[in-house]
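# Overview (structure and organization)
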Amino acid sequence: MKAPFFALEDMNSGDVIRLSDFVGKPVMITFWTSWCPDCMKDMPMKEQFYHHADLEKLAFLTINVTGRERSEEAGKEFTIKNELPFPVLRDNGRETYDDYGCTGVPTTVLLDKDHQIVNVFNDQSSFLDIAKALPSVMK
């Protein structure tokens, strides 16, 4: 299935990031909220991964699901407080989250270089599960 297009604001830079900015490159997208215990376990692993990943070969994005947050600014406050180094996009409520068929957080979606959805990992998936699937999108 072709990944749904999005154009969302990066909370760190204020730039609008589009899926089409990464044409020809595999993409890892993680949907999250600031109140979610599983997201808090996942974020440090994603941060370590981000620091060691070859970002020339894999785009790495996170999307804060503002429509599932306790307040409009909760995701941005979390991003600033924790100095998240990677792109943190602000969903339009639940629009992108729903477009991708997510049912919980965190959800990580792997796209191949043609932006076909190859894998979807829900809140019960480990980071190791995600890491093991990466070679399938890196071809």
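Residues numbered from 1 in each chain as written. Predicted model: local features only at pLDDT ≥ 70, side-chain atom pairs only at ≥ 80, totals over all residues. Heavy atoms only, no water.

### As for the sheet that holds strand S7 (residues 117-121)
Spatially, the seven strands line up as an open sheet ordered S2-S1-S5-S4-S3-S6-S7, and their pairing is mixed. Edge strands, defined here as strands with exactly one partner in the open sheet, are strand S2 (16-18) and S7. If you compare each strand with its neighbour and ignore which way they point, the axes differ by 30° on average. Sheet analysis places strand S3 (residues 27-32) next to strand S4 (residues 59-64), joined by six bridges and oriented parallel. Opposite Phe31, over in S4, you have Ile63 as the bridge partner. Helix H1 (residues 37-52) rests against S3, S4 and strand S6 (107-111) of the sheet, and its axis sits at about 155° to S3. Together, S3, S4 and strand S5 (88-90) form the strand contacts of helix H2 (residues 74-81), whose direction differs from that of S3 by roughly 115°. (Pairing = 2+ DSSP bridges. Helix = DSSP H or I, 4+ residues; strand = E, 2+ residues; numbered from the N terminus. Axes fitted to C-alpha atoms, helices over the stretch in contact; angles between N-to-C directions. Contact = heavy atoms within 4.5 Å.)

### Description of the packing of aromatic side chains
Tallied over the entire structure, the rule returns nine aromatic pairs. Centre to centre, the rings of Phe31 and Tyr97 are 6.2 Å apart; their planes meet at 70°, and the pair counts as edge-to-face. Of this pair, Phe31 sits in strand S3 while Tyr97 sits in helix H3 (residues 95-99), placing them 66 residues apart in sequence. A relative accessible area of 1% means that Tyr97 is categorised as buried. Centre to centre, the rings of Phe60 and Phe86 are 5.2 Å apart; their planes meet at 65°, and the pair counts as edge-to-face. (Phe/Tyr/Trp six-rings, centres within 6.5 Å; stacked < 30°, edge-to-face > 60°. Buried < 20%, exposed > 50% of the residue type's maximum accessible area, 1.4 Å probe, protein only.)

### Comments concerning the environment of Ile80
Looking at the secondary structure, you find Ile80 in helix H2. With relative accessibility at 56%, the residue Ile80 sits in the exposed group. Considered as a pair, Ile80 and Asn12 are 68 residues apart in the sequence and their alpha carbons are 8.0 Å apart.

### Looking at the pattern of salt bridges
Oppositely charged side chains can form a pair if their charged atoms are brought close together. Inspection of the entire model under this criterion finds eight salt bridges. Residue Lys113 is joined to Asp114 by a salt bridge in which the shortest nitrogen-to-oxygen separation is 3.9 Å. Residue class for Asp114 comes out partly exposed when judged on its relative accessible area of 44%. By sharing partners, the salt bridges in this structure join Glu9, Glu72, Glu73 and Arg90 into a single network. (Salt bridge = Lys/Arg side-chain N within 4 Å of Asp/Glu carboxyl O.)

### Overview of the side chain of Asp42
Among the secondary structure elements, Asp42 is positioned in helix H1. The buried category is assigned to Asp42, whose relative accessible area is 9%. When residues no more than four places from it in sequence are discounted, the contact partners of Asp42 are Thr30, Pro106 and Thr108.

### Re the nonpolar core
Phe6, Phe31, Tyr100 and Leu111 are the most contacted members of the largest nonpolar core, which totals 43 residues. Mapped onto this core, the elements with two or more residues apiece are S3, H1, S4, S5, S6, S7 and helix H4 (127-138). Not counting residues within four places of it along the chain, the set of residues in contact with Phe31 comprises Ile63, Val65, Thr96, Tyr97, Tyr100, Cys102, Val105, Pro106, Thr107 and Val109. (Core = buried A, V, L, I, M, F, W, Y, C linked by side-chain atoms within 4.5 Å.)

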